[in-house]
Amino acid sequence: MNPQTPARLTGSASMSFQNPVYVVSCASVVGKKEGEGPLGSKFDLVCEEPMFGEATWEAAESTMQKEAAALALGKAGLTPGDIRMTFAGDLLAQTTASSFGIAGMGIPFYGLFGACSTIGESLSLGAMSVAAGYGEHILCATSSHFASAEKEFRFPLEYAGQRPLSTTWTVTGSGAFVIAAEEHPCATQAHCCISGITTGKVVDYGIKDSMHMGAAMAPAAADTIRQHLIDTGRDVSDYDRIITGDLGSIGQTILKDLLSDCGILLGDLHEDCGMLIFDPDTQDTHAGGSGCGCAATTLAAYILPRLIRGEWKRVLFLPTGALLSKVSFNEGQSIPGIAHAVVLEHC
């Protein structure tokens, strides 16, 4: 590519931005259980009522997502009319939560599905668009809701099914982010930027247990981390943290084992959003948290503030997703995984 172009292709799956893309503002909205967890005091809004004033779980999730978007816009001093486009998604069929949520704000809209990796997909596409000059302000968002996800993928809550210890708890939460070009006035107060991305590949190890999604996603996370290090010529020590989306405690062990076999030792550099958002000793969430809202709200409440304050200089943020559907799962198909990496740096 021409050296004057806004981005440089690196290796086979990565891209670095010649001018950093700034994260101007962020917001997180969560439910009661998440508010009782270790990050509870860091979220922008904790709603004690899981229906969010709506008649259905799906409508509740849409309202939650719209609230997160409104908070992020307000922090940036912007209105929906200032946003060139939105990249948003959720876990529900046909991205229902986003279609009736952010899309209702009248912003040009791209609906995404990357399962629990969706915020990585959203930020990647948004950053590419900003870097290429296709949008002065872009809104990136995702959401999930425990009850709507259980209804969509497993059983209605009234069924009272037993949960094995390998399961994760779908986070009721939404995270929203406004990103902008370096020269924009909003960016003058931003201290965190996106400097590069690595797009994940679909990786399928033949896992067929929908109650063990950490095992389905860990191979994809390992593949993306390995590819990112090859593409960039970096080592894990070049990062203050490598933070995956929602592998949970079991998935973390699998990830470290897979990377160790490749000679990559994560050690204490690795954290997982699914392990950060809930307390395993006081909250009955088994392996940890999951859902599109897990990585997004943890990014807004925990990761970005530490980068903004300069406690961390560079973080590899790696949301992970299990690409199952009701149709493929019921037909006996396996559960492929995917993970998209976003390089976040203190500016």
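Heads up: these notes are all about the structure in this document. (Residues numbered from 1 in each chain as written. Predicted model: local features only at pLDDT ≥ 70, side-chain atom pairs only at ≥ 80, totals over all residues. Heavy atoms only, no water.)

1. Regarding the overall build of the chain
Note the following rule: Each helix is a run of H or I in the DSSP string that is no shorter than four residues. Each strand is a run of E no shorter than two, and both are numbered from the N terminus. The quantity called the radius of gyration is restricted to C-alpha atoms. Its globule counterpart is 2.2 Å times the number of residues to the power 0.38. Burial here depends on accessible area, computed with a 1.4 Å probe over protein chains only, as a share of the maximum for the residue type. Under 20% is buried, over 50% is exposed, and the range in between is partly exposed. Positive residues here are Lys and Arg, negative ones are Asp and Glu, while His and the chain termini are left out of the count. In this description, the location of a charge corresponds to atom NZ of lysine, CZ of arginine, CG of aspartate or CD of glutamate.
Scanning the chain for helices and strands turns up 10 helices and 16 strands. In terms of C-alpha radius of gyration, the chain reaches 18 Å, essentially the compact-globule figure of 20 Å for 347 residues. When burial is assessed residue by residue, the chain has 58% of its 347 residues classed as buried. Averaging the coordinates of the 21 positive side-chain charges in the chain and doing the same for the 37 negative ones gives two points 3 Å apart.

2. Re the side chain of T198
Note on placement: T198 falls in strand β9 (residues 192–198). Owing to a relative accessible area of 0%, T198 belongs among the buried residues under this scheme.

3. With respect to empty space enclosed by the protein
Filter applied, for reference: In this analysis the probe radius is 1.4 Å and the grid spacing 1 Å, with only protein atoms considered; a cavity is a set of points the probe fits into but cannot get out of, a pocket is an open set with protein on both sides within 12 Å along at least five of seven lines, and lining residues have an atom within 4 Å of a point. Grid points are joined across faces, edges and corners, and a volume is the space filled by probe spheres set on the points. Three residue categories are used. Nonpolar comprises Ala, Val, Leu, Ile, Met, Phe, Trp, Tyr, Cys and Pro, charged comprises Asp, Glu, Lys and Arg, and polar comprises the others, including Gly.
Counted under the stated rule, the structure contains two cavities of 30 Å³ or more. In this structure, the second largest cavity occupies an estimated 30 Å³ of space. Around the second largest cavity, the lining residues are V23, L123, F177, I194, L299, L304 and L344. For the lining of the second largest cavity, the per-class residue count stands at seven nonpolar, no polar and no charged.

4. Some remarks on helix α4 (residues 118–131)
Note the cut-off: By this rule the span expected of a helix is its residue count minus one, scaled by 1.5 Å.
Taking 1.5 Å per residue, 14 residues should reach 20 Å; α4 reaches 20 Å between its end C-alpha atoms and fits that length. Immediately downstream of α4, the backbone of G133 shows phi near 85°, a positive value.

5. Some words on unusual backbone geometry
Despite not being glycine, Q94 shows a phi value in the positive range, around 55°. With respect to the element layout, Q94 can be found in the loop between β4 (85–89) and α3 (96–99). A relative accessible area of 70% places Q94 in the exposed class. We note that T95 has phi near 45°; this positive angle belongs to a residue other than glycine.

6. Side note on the pattern of salt bridges
Defined as follows: Salt bridges are counted wherever a side-chain nitrogen of Lys or Arg sits within 4 Å of a carboxyl oxygen of Asp or Glu.
Enumeration according to the criterion identifies seven salt bridges in this entry. With a shortest N-O distance of 3.0 Å, K201 and D223 are connected by a salt bridge. With K201 in the loop between β9 and α6 (213–232) and D223 in helix α6, this residue pair connects regions lying 22 residues apart in the sequence. For K201, a relative accessible area of 39% corresponds to the partly exposed category.

7. So, the packing of helix α2 (residues 57–76) against helix α5 (residues 146–153)
To keep things clear, this is the line we draw: For helices, the axis comes from a line fit to the C-alpha atoms of the stretch in contact; other axes are also lines fit to C-alpha atoms, and the angle between any two N-to-C directions lies between 0 and 180 degrees. The scheme is simple: roughly parallel for angles under 35 degrees, roughly antiparallel for over 145, roughly perpendicular for 65 to 115, oblique for anything else. Crossing chirality is assigned from the near helix's rotation relative to the far helix, an anticlockwise turn below a right angle marking it left-handed and a clockwise turn marking it right-handed. Whether two residues touch is decided by their heavy atoms; if any such pair falls within 4.5 Å, the residues are in contact.
Two elements in contact, α2 and α5, have axes whose closest approach is 8 Å; the angle formed by their N-to-C orientations is 135°. Of the possible angle classes, the one that applies to α2 and α5 is oblique. α2 and α5 meet at a crossing whose hand is left-handed. For the pair formed by α2 and α5, the contact residues are W57, E58 and E61 on the first element and A147, S148 and K151 on the second. Residue composition of the contact of α2 with α5, grouped by class: two nonpolar, one polar and three charged.

8. Let's talk about the layout of surface pockets
One number sums up the size of the second largest pocket: a volume of about 200 Å³. Forming the walls of the second largest pocket are 15 residues, and the residues nearest its centre are K33, P50, H145, F146 and T172. Elements that contribute at least two residues to the lining of the second largest pocket include exactly α1 (32–35) and α5. A total of three residues in the lining of the second largest pocket trace back to one element, the largest contributor, which is α1. When grouped by side-chain class, the residues that make up the lining of the second largest pocket number seven nonpolar, three polar and five charged.

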